[in-house]
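Below are the chains, spelled out letter by letter.
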Amino acid sequence: MSEESEPSLHQCSYFAHVIDKMFMRLAGWRTTGEVPRAHSVVIIAAPHTSNWDFIYLVAAAYCFRIRINWLGKNSLFFPVFGAFMRFMGGIPVDRSQANNMVTDLATRIRESDGINLVVPPSGTRARTEYWKSGFYRIAEAADIPMICSYLDYAKKEAGLGPTFKPSNLGEDMDRIRAFYEPIAAKFPENKSRIRLREEDSLQ
């Protein structure tokens, strides 16, 4: 692969890339999609119905050579263990300051040398009637693209779908819905409805 075609997203180590390609192959999974050329992205992680989702998501990301970041309660980032959490891509957040979280994260992303932030919009493995809008608001505030990542358990396929910046909430969510509706979750009965509460006020 030429230097010009290398993805600009932060990459994981080559060792992690090789190990996780072997893991996915042995597990019978395949990966598909294109890595976007971007400084930073919000990675939409859906559908989310099982603890296995995180394992396959990390493995798939490393197959694509993407080094991912994720949010964790700041209480988990205590000395020694906190250093390991950061090494693994963790970003500590104070969830009691929810009103400022989007602004703070957007600032961190803009000032960083690259963050690929994984956000599961359902926020839980159980079925919900609404997705949380944090993934959208962070991408909007940071002026970075969102990429639709997915795990299709029926096809045993982990992939990267459309990549685009937030522009129009209703149209963007229609696009996201159209992409994710056919994707088979591990537990289909727990697949959340793909809708934001904010969309109710658009009608």
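These numbers were taken from a predicted model, which means no experiment stands behind them. Per chain, the residues get numbers from 1 upward, laid out in the order the sequence is written. Restriction of local features to residues with pLDDT of at least 70 applies here, the model being predicted, together with a cutoff of 80 or more for giving and counting side-chain atom pairs; totals for whole chains, interfaces and linings are based on all residues. Side-chain figures throughout are based on the complete set of non-hydrogen atoms in the structure, without hydrogens or water.

**Q** Looking at this model, I keep getting lost on the overall build of the protein. Mind explaining?
**A** Of the regular secondary structure elements, the protein holds 6 helices and 7 strands. Each helix (α) and strand (β) of the protein, taken in turn from the N terminus, gives the series α-β-β-α-β-α-β-α-β-α-β-β-α. Computed over C-alpha atoms, the radius of gyration of the protein comes to 17 Å, within 12% of the 17 Å expected from 2.2 N^0.38 for 203 residues, which places it in the range of a compact globule. Structurally, the protein occupies a C-alpha span of about 50 × 40 × 35 Å along its principal axes. A helix here means a DSSP run of H or I that spans at least four residues, while a strand means a run of E at least two residues long, and both kinds are numbered starting from the N terminus. C-alpha atoms define the radius of gyration, and 2.2 Å times the number of residues to the power 0.38 defines the globule rule.

**Q** Looking at this structure, I do not really get the pattern of salt bridges. What am I missing?
**A** Any two side chains of opposite charge can pair if their charged atoms end up close together. Counted as salt bridges are all cases of a side-chain nitrogen of Lys or Arg within 4 Å of a carboxyl oxygen of Asp or Glu. Under the criterion given, the structure shown has 9 salt bridges. Taking the shortest distance from any N to any O, the salt bridge between R195 and D200 comes out at 2.9 Å. Taking relative accessible area as the criterion, D200 reaches 35% and is therefore assigned partly exposed. Through salt bridges with shared partners, one network takes in D174, R177, R195, E199 and D200. The rule is simple: take the accessible area with a 1.4 Å probe, protein chains only, and divide by the maximum for that residue type; under 20% is buried, over 50% is exposed, in between is partly exposed.

**Q** I keep staring at the nonpolar core and nothing clicks. Help me out?
**A** Most often, soluble globular proteins keep nonpolar side chains buried together rather than apart. Remark: nonpolar core denotes a set of buried residues (Ala, Val, Leu, Ile, Met, Phe, Trp, Tyr, Cys) joined through side-chain atoms within 4.5 Å. Ranked by size, the top nonpolar core spans 29 residues in total, and within it I44, W131, F135, M173, I176 and Y180 carry the most contacts. Listing elements by their share of this core, those giving two or more residues are β2 (41-46), β4 (90-93), α4 (98-111), β5 (116-119), α5 (134-142), β6 (146-152) and α6 (169-180). Counting residues per element, this core draws most heavily on α5, which supplies 5 residues. For M173, the residues in contact, after removing those within four places along its chain, are W131, F135, I194, R195, L196 and E199. Core analysis: the second largest hydrophobic core is formed by 17 residues, I43, A45, L57 and V118 among them. Here, residues are in contact when the closest pair of their heavy atoms is within 4.5 Å.

**Q** Mind showing me how you'd approach empty space enclosed by the protein here?
**A** Method remark: on a 1 Å grid restricted to protein atoms, a set of points is classed as a cavity if a 1.4 Å probe fits but cannot get out and as a pocket if it is open with protein on both sides within 12 Å along at least five of seven lines; lining residues have an atom within 4 Å of a point. Grid points are joined across faces, edges and corners, and a volume is the space filled by probe spheres set on the points. Taken as a whole and assessed by the stated rule, the structure comprises 1 cavity of 30 Å³ or more. Each pocket or cavity is described by its volume, and for the largest cavity that value is around 70 Å³. When grouped by side-chain class, the residues that make up the lining of the largest cavity number 7 nonpolar, 3 polar and 1 charged. Amino acids are sorted into nonpolar (Ala, Val, Leu, Ile, Met, Phe, Trp, Tyr, Cys and Pro), charged (Asp, Glu, Lys and Arg) and polar (every other residue, Gly among them).

**Q** Would you mind showing me how to read unusual backbone geometry here?
**A** Across residues other than glycine, the phi torsion is negative in most instances, and most of the peptide bonds are trans. The step from A46 to P47 runs through a cis peptide bond, and the omega angle for that step is -15°. Positioned with a positive phi, R65 is a non-glycine residue whose angle comes to about 65°. Within the secondary structure, R65 sits in the loop between α2 (52-63) and β3 (70-73). Assessed through its relative accessible area of 23%, R65 is described here as partly exposed. Its identity is not glycine, yet D143 carries a phi of approximately 60°, on the positive side. Take D143: it is sitting in the loop between α5 and β6. For D143, a relative accessible area of 51% puts it in the exposed group.

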